[in-house]
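Residues per chain are reported as follows:
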Amino acid sequence: MRRSVSFAVLSALGLLGMSALTAPPKNLAILAAQKAETAEVKIDNFSFGPATLTVPAGTTVTWTNRDDIPHTVTSSDDPKLFKSKVLDTDEKFSFTFSKAGTYSYFCSIHPKMTAKVIVQ
Amino acid sequence: MSLKTTSQEAHSENSQNQLVYDHNHDGVDRRGFLKCMAWAGTGAFCVIRGGVLRSYSLGRLAEMDPTERAKEMAGELSFAQISDSHMGFNKAANPDVAGTLKAAVDKINGLAVAPEFLLHTGDISHLSKPEEFDTVEQILRDAKPKDIFYVPGEHDVLNDNGQQFLERYGKGSKGAGWYSFDKKGVHFIGLVNVVNLKAGGLGTLGQEQLAWLENDVKPLQPSTPLVVFAHIPLWSVYPEWGWGTDDSAQALSYLKKFGSVTVLNGHIHQTLQKVEGNVTFHTAASTAFPQPAPGKADSPGPMKVPAEQLKSVLGITDVNFVRGKQALGLVDSTLA
C-alpha cells in the first residue's frame with residue numbers, strides 16, 4: 001500500500017515532471033523562431049545578395065562584406081533608419097527590423113549598389 | 001616607360017572605339033585619336049594645337065635638339081597628376097601601395113622637366129584613417145614639387161562626411177573642399193563629387209558647388225585655359241559601375257565659352273581619354289592597383305595582375321601646358 005502510494009506520488013511527480021518537460025517545446029518554439037529571425041546578406045562583387053530579402057518582423061539581418069573594397073550599408077530613407085560604419089573586407093553590420101515595411105538601402109560609397117529588405 | 005600588356009592594349013583600343021568621335025569637326029578624328037592614345041602605354045607626349053593633334057614620346061622630347069625643344073616647350077607650365085594611392089589597401093592586387101606611391105614619386109622626380117606642382121585627384125587613403133593620410137603626406141614630402149593640390153575621393157570622406165579631409169587639405173576651400181587657383185594664366189578648378197551620394201546615383205556636385213562654379217568662371221576671358229579636376233569622372237565613362245557624375249553636364253555648360261578645357265579625373269584606375277568639342281577628358285591611372293576596363297568584369301573590383309606586371313599598369317600623368325597654343329598635352333607614364 002505504502003509502496004503504491006509512494007508510487008502514486010512518484011507518478012504524480014512524474015507527471016509534474018512531464019508537464020515541466022512539456023514546457024520546453026514552447027521554449028524550443030521560441031528558440032526556433034529566434035533562429036528564423038536572423039538573416040544574412042553577403043556583399044560580393046559590388047552587389048548585395050540577395051538584392052531583395054524578405055523576413056518576418058523582428059529579424060536581425062547581418063551583412064558581411066566579402067569584397068576587397070570597403071562598402072557601407074546605408075538606409076535610403078530620410079531620416080536614415082540605419083547606417084553602418086565603413087565595412088572593410090569580412091567586417092559585418094547587423095540591424096533588427098521590428099516593423100513591417102519595405103526598407104531600401106545602398107552603399108554610400110558606391111551608390112549604384114542598391115537593395116532592399118521587405119519585412120512582413 | 002614600358003609596354004602595356006596585350007589585354008591592356010586591347011582594352012585601350014576598345015575604349016577608343018566606344019568613346020572617341022569628332023564632336024565638333026575640329027580635326028580630332030578617331031584615327032588621330034588612336035595615335036594619341038598610343039602614348040598611354042608607351043610614354044609619348046601629345047599636343048592638340050589649333051585642332052591638330054601632335055604627339056611625341058617622352059624619350060623623344062628628351063632627345064630633341066635643345067632649340068627645337070625650347071620652342072616646343074616655350075612658356076610652358078607643367079605639373080604632374082597622381083591619383084588613387086589608396087594608402088592602407090593591402091589585398092592581393094597590391095600588398096605594397098606605399099612602395100608603388102614611392103615609385104611614382106621617384107618617377108616624378110626623374111622627369112626631364114620638373115613639374116611645378118602636383119595634383120592628387122583623390123582616394124589618397126583607403127579607409128580615411130589618419131595614419132593613412134600621414135603616410136601619403138610623408139611619401140609625398142620627397143617629391144621635388146612642393147605644392148600639392150588635392151580633391152577628395154570617396155575613400156577619403158568615410159564615416160565623417162569629409163570633415164577630416166577638410167581639416168587636413170581644405171584650407172581656403174569652399175563647401176566640401178572645392179576651390180580654384182591660377183598658375184601662369186591657366187585657371188585650375190578643383191571640384192568635389194564624392195559627398196552626399198544618393199542611392200542609385202553617380203558622383204554628385206550639388207547645387208551649392210554648381211552655383212559657385214558658375215560664379216568662379218564668370219569673370220574669366222574665354223581665352224583662359226581651364227583645367228578642371230575632380231575624383232569621379234565628369235563624363236559618363238560607365239554609369240553601370242558608377243563611373244560618372246550625375247550633374248556634370250550642368251557644370252560643363254558653364255565652361256562652354258572657353259576655348260580650351262581639360263578635365264582630369266581619377267577613380268577608375270586606368271587611363272582613358274575623350275575629346276568632346278572644347279573639352280578634353282582624361283582619367284589617370286592609380287598608383288595603387290588597376291581596375292578592369294568598363295564592363296569587362298563582373299564588378300569594378302581591384303584587378304589582380306602578376307607582380308612583375310603591376311608597375312606597368314600603375315602610373316602618373318604628366319601634363320604640359322603650352323602657353324598661347326590653347327592646348328594641353330598629356331602624357332601618361334607607367335611606373336615600370
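These numbers were taken from a predicted model, which means no experiment stands behind them.

Chemist: So what exactly am I meant to see when it comes to the overall build of chain B here?
Modeler: Looking only at helices and strands, chain B features eleven helices and 13 strands. For chain B, long-range pairs separated by at least 24 residues make up 69% of all intrachain contacts whose partners lie at least 6 apart in sequence.

Chemist: Where do I start with the sheet that holds strand β10 (residues 272–276) of chain B in this structure?
Modeler: Remark on secondary structure: sheet strands pair via backbone hydrogen bonds, oriented parallel or antiparallel. Residues and elements named next belong to chain B. One open sheet holds the six strands; their spatial order is β6-β7-β8-β9-β11-β10, and the pairing between them is mixed. The open sheet terminates on both sides in strands that have one partner only, identified here as β6 (179–183) and β10. Mean inter-strand twist for the sheet, computed between neighbouring axes without regard to direction, equals 15°. Where β10 lies against strand β11 (residues 279–283), five bridges are found, and the strand directions are antiparallel. Pairing of Leu-272 across the sheet is with Thr-283, part of β11.

Chemist: When you look at the environment of Phe258(B) in this model, what are you seeing that I'm missing?
Modeler: All names here are of chain B. With respect to the helices and strands, Phe-258 occurs in the loop between α10 (248–253) and β9 (261–265). Judged by C-beta crowding, with 19 C-beta atoms within 10 Å, Phe-258 ranks as partly exposed. Sequence-wise, Phe-258 and Leu-220 are 38 residues apart; in three dimensions their C-alpha atoms are separated by 8.9 Å. The contact partners of Phe-258, leaving out residues within four places of it in the chain, are Pro-222, Thr-224, Leu-226 and Asn-278.

Chemist: Even after reading the chapter, I still don't get the nonpolar core, so can you show me in this structure?
Modeler: Taken as a class, soluble globular proteins show a tendency for nonpolar side chains to be buried jointly. Residue and element names in this part refer to chain B. In this structure, Leu-191, Val-192, Val-228, Phe-229, Ala-230, Leu-234 and Val-263 are the most contacted members of the largest nonpolar core, which totals 78 residues. In terms of residues, this core owes the most to one element, helix α6 (residues 97–109), which gives six residues. Contacts of Val-228, omitting those with residues within four sequence positions, involve Ile-189, Leu-191, Leu-234, Val-261 and Val-263.

Chemist: Sorry, what's going on with the interface of chain A and chain B here?
Modeler: In many analyses, interface size is given as the accessible surface area lost on bringing the parts together. Each side of the interface is counted separately: chain A has 19 residues, and chain B has 18 residues. Across the side of chain A that touches chain B, the residue classes tally to seven nonpolar, seven polar and five charged.

Chemist: Any chance you could explain the pairing of β9(B) here in plain terms?
Modeler: All names here are of chain B. Most of β9 is tucked away, with five of its five residues classed as buried. A two-sided burial pattern is seen for β9, the buried positions comprising Val-261, Val-263 and Asn-265 on one face and Thr-262 and Leu-264 on the other. The pairing of strand β8 (residues 226–229) with β9 spans four bridges and is classified as parallel. Bridging from a neighbouring strand, Val-227 pairs with Thr-262 of β9.

The rules we used
- Residues numbered from 1 in each chain as written.
- Chains lettered and ligands numbered in written order.
- Predicted model: local features only at pLDDT ≥ 70, side-chain atom pairs only at ≥ 80, totals over all residues.
- Helix = DSSP H or I, 4+ residues; strand = E, 2+ residues; numbered from the N terminus.
- Contact = placed C-beta atoms within 7 Å.
- Pairing = 2+ DSSP bridges.
- Axes fitted to C-alpha atoms, helices over the stretch in contact; angles between N-to-C directions.
- Buried ≥ 20, exposed ≤ 12 C-beta atoms within 10 Å, placed from the backbone.
- Core = buried A, V, L, I, M, F, W, Y, C linked by C-beta atoms within 7 Å.
- Nonpolar A, V, L, I, M, F, W, Y, C, P; charged D, E, K, R; others polar.

Don't take any of this as a statement about function, it's just geometry.
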